[in-house]
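# Structural features, examined
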Amino acid sequence: MTTVAYVLAGLVAALHLYFLVLEMFLWTAPAGRKAFGLTPEFAQETKALAANQGLYNGFLVAGLVFGMVRGDDPTIAFFLACVVVAGVYGAATVSRKILVVQALPALVGLVLLLPALT
């Protein structure tokens, strides 16, 4: 089960790396605007906020990768839990789609990792 948890943690890290790229570098580009359903004007007005959000996604990526490289299950569990909390909050405040895309893979990975923590 730990191997599957690590695969899911890697998937979650890859997703958040993608979010980082969209939010920090492509927010005002057609791909970024399409991904988030933004008008060009709104994207331009919120560019700095999106870049800040992207940076936080980068910290999630860094934490997950750091934990996986070190084989540090508690670190991976912590960052997966952070992703679950962020996903639940995003689903409650922005779009329920975030629950499936962001929180669910992290939650499944966290649940599969729990036996390794005891």
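Going by the structure above, here's the rest.
To start, this report covers the structure provided alongside it. (Residues numbered from 1 in each chain as written. Predicted model: local features only at pLDDT ≥ 70, side-chain atom pairs only at ≥ 80, totals over all residues. Heavy atoms only, no water.)

## Considerations on the packing of helix H1 (residues 2-24) against helix H5 (residues 73-93)
For the record, the criterion: The axes are straight lines fitted to the C-alpha atoms, using for helices just the contacting stretch, and the angles between their N-to-C directions are given from 0 to 180°. Elements are defined by DSSP. Helices are runs of H or I of four residues or more, strands are runs of E of two residues or more, and each kind is numbered from the N terminus. Should an angle fall under 35 degrees it is taken as roughly parallel, and over 145 as roughly antiparallel, whereas 65 to 115 is taken as roughly perpendicular and any remaining angle as oblique. Should the near helix be turned counterclockwise from the far one by less than a right angle, the crossing is left-handed, whereas a clockwise turn marks it as right-handed. Contacts are assigned to residue pairs that have any heavy atoms within 4.5 Å of one another. Each residue is assigned to one of three groups, with Ala, Val, Leu, Ile, Met, Phe, Trp, Tyr, Cys and Pro labelled nonpolar, Asp, Glu, Lys and Arg labelled charged, and all others, Gly among them, labelled polar.
For the pair H1 and H5, the least separation of the axes is 11 Å and the interaxial angle reads 50 degrees. Relative to H5, the element H1 is oriented oblique. Both H1 and H5 take part in a crossing whose hand is left-handed. Contacts from Thr2, Tyr6, Ala9, Val12 and His16 of H1 reach H5 at Asp73, Ile76, Leu80 and Val83. Looking at the contact of H1 with H5, its residues break down into six nonpolar, two polar and one charged.

## Here's the deal with the nonpolar core
Our working rule: What is meant by a nonpolar core is a set of buried Ala, Val, Leu, Ile, Met, Phe, Trp, Tyr and Cys residues, joined one to another through side-chain atoms within 4.5 Å. A simple rule labels every residue: compare its accessible area, found with a 1.4 Å probe on the protein chains alone, to the largest value its type can have, and call it buried under 20%, exposed over 50%, or partly exposed in between.
Val12, Leu64, Ile76, Leu80, Ala106 and Leu113 are the most contacted members of the largest nonpolar core, which has 17 residues in total. Among the elements of the structure, H1, helix H4 (47-70), H5 and helix H6 (97-117) are those that each provide at least two residues to this core. It is H5 that provides the largest number of residues to this core, a total of six residues. Contact partners of Ile76, with chain neighbours within four places excluded, come to Tyr6, Ala9, Leu64, Gly67, Met68 and Leu113.

## Details of the side chain of Thr75
Relative to the helices and strands, Thr75 is located in helix H5. With a relative accessible area of 17%, Thr75 lands in the buried category. Ignoring any residue separated from it by four or fewer positions in sequence, one finds Thr75 in contact with Gly63, Phe66 and Gly67.

## Quick look at H5
Inclusion rule: Here the expected span of a helix is defined as 1.5 Å times the quantity of residues minus one.
Look at H5: 30 Å from first C-alpha to last across 21 residues, which is about the 30 Å you get at 1.5 Å a residue. All buried positions along H5 are accounted for by Asp73, Thr75, Ile76, Ala77, Phe79, Leu80, Val83, Val84, Gly87, Gly90 and Ala91. In this structure, the buried residues of H5 make contact with H1, H4 and H6.

## Description of the packing of H1 against H6
In the contact formed by H1 and H6, the axes pass within 8 Å of each other and the chain directions differ by 150 degrees. It follows that H1 is roughly antiparallel to H6 by the angle criterion. Both H1 and H6 take part in a crossing whose hand is left-handed. Residues Thr2, Val4, Ala5, Tyr6, Leu8, Val12, Leu15, His16 and Phe19 of H1 touch H6, and the partners they reach there are Val101, Gln102, Pro105, Ala106, Val108, Gly109, Leu112, Leu113 and Ala116. The residue inventory of the contact of H1 with H6, partitioned by class, reads 14 nonpolar, four polar and no charged.

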